[in-house]
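# An overview of the molecular structure
Chain by chain, the residues:
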Amino acid sequence: GIQVEQSPPDLILQEGANSTLRCNFSDSVNNLQWFHQNPWGQLINLFYIPSGTKQNGRLSATTVATERYSLLYISSSQTTDSGVYFCAPRGYSTLTFGKGTMLLVSP
Amino acid sequence: SQTIHQWPATLVQPVGSPLSLECTVEGTSNPNLYWYRQAAGRGLQLLFYSVGIGQISSEVPQNLSASRPQDRQFILSSKKLLLSDSGFYLCAWTGTVKSYEQYFGPGTRLTVT
């Protein structure tokens, strides 16, 4: 199956700072999603991005499928951005999740 | 719009007891349905997925089983729980026509004592 590696595993930021989260995957994929898991456990969809770049407010994502990586950018971070960020590429029929990046934004 | 429900939200069960977790999706038809488990330490493990009524694919051998008795209902079961079954269980769905974007339910937190 697809191997997914996310970096960094943990990240601590001051409010207002910018950050880049990286996701490397081992094989060709049909699409890729980024999720944010909030402190209550809910997985929130951030991006559905098989290739190219998308932006949603302070967040943006870029997937370069030919080089097998995706990046999630968070600008002007806020305390509500805290939680775990998961990358999940999709192979033939299912998503494969990385271990996530745990982000803590302090005021 | 589509919504996904899971219940119960939390559950504490003794070792050896049975388990039944339910997931239902509203606002769509013929979804693909998925059960995941998230143990302490963050990673999500796919347990089962279903592309239609009565069609179940198992990803890992374990103490659990899944059933899909109706198009938008997915049930996770166990006859006898083990301590290692504790975790956060998440149900998810994807459409099968326009997009394969996956959406998750709120989850069930299971503690086996």
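Below you will find a few notes about this structure. Fair warning: this is a prediction, and the values are worked out from it, not measured in the lab. Position numbers for residues count from 1 along each chain, tracking the sequence in the order it is written. Whichever chain is written first is A, and whichever ligand is written first is 1; the rest continue in order. With pLDDT at 70 or above as the cut-off, local features in this predicted model cover only qualifying residues; side-chain atom pairs require 80 or more to be listed or tallied, and sums for whole chains, interfaces and linings still use all residues. As a rule here, side-chain values cover all heavy atoms of the structure and leave hydrogens and water aside.

### A word on the pattern of salt bridges
Residue and element names in this part refer to chain B. Salt bridges, as used here, are contacts in which a Lys or Arg side-chain nitrogen is within 4 Å of a carboxyl oxygen on Asp or Glu. Inspection of every chain in the model, using the stated rule, returns three salt bridges over all chains. Across the salt bridge formed by Arg-37 and Asp-85, the nearest N and O atoms sit 3.7 Å from each other. With Arg-37 in strand E4 (residues 32–38) and Asp-85 in the loop between strand E8 (73–78) and strand E9 (87–94), the pair connects residues that are 48 residues apart, well separated along the chain. Exposed residues in this analysis have more than 50% of their type's maximum accessible area, buried residues have under 20%, and partly exposed residues fall in between, with area computed by a 1.4 Å probe over protein chains only. For Arg-37, a relative accessible area of 13% translates into the label buried. Residue Asp-85 is classed as buried on the basis of its relative accessible area, which comes to 3%. Ionic pairing is found between Asp-71 and Arg-68, a salt bridge with its closest N-O pair at 3.3 Å. Among the residues examined, Asp-71 registers a relative accessible area of 21% and is labelled partly exposed. The helix count covers DSSP runs of H or I at least four residues long, the strand count covers runs of E at least two residues long, and both are numbered beginning at the N terminus.

### Describing the interface of chain A and chain B
Across the boundary between the two partners, chain A contributes 22 residues, which contact 18 residues of chain B. We define buried area as the total accessible area lost by two parts upon association, computed with a 1.4 Å probe and summed across both. Interface area, chain A with chain B, both sides summed: about 1600 Å², of which 51% is carbon and sulfur. Any pair of N or O atoms that falls within 3.5 Å is considered a polar contact. Within protein, one atom must be able to donate a hydrogen and the other to accept it, and sequence-neighbouring residues count only if both atoms are side-chain atoms. On the surface where chain A and chain B come into contact, there are six residue pairs in polar contact (both at pLDDT 80 or more). Those elements giving two or more residues to the side of chain A that touches chain B turn out to be strand E4 (31–37), strand E5 (43–48) and strand E9 (83–90) of chain A. Of all the elements, E4 of chain A adds the most residues to the side of chain A that touches chain B, at four residues. Under this grouping Gly is polar, as are all residues other than the nonpolar Ala, Val, Leu, Ile, Met, Phe, Trp, Tyr, Cys and Pro and the charged Asp, Glu, Lys and Arg. For the side of chain A that touches chain B, the per-class residue count stands at 10 nonpolar, nine polar and three charged. Working rule for contacts: check all heavy atoms of both residues, and any pair within 4.5 Å makes them a contact.

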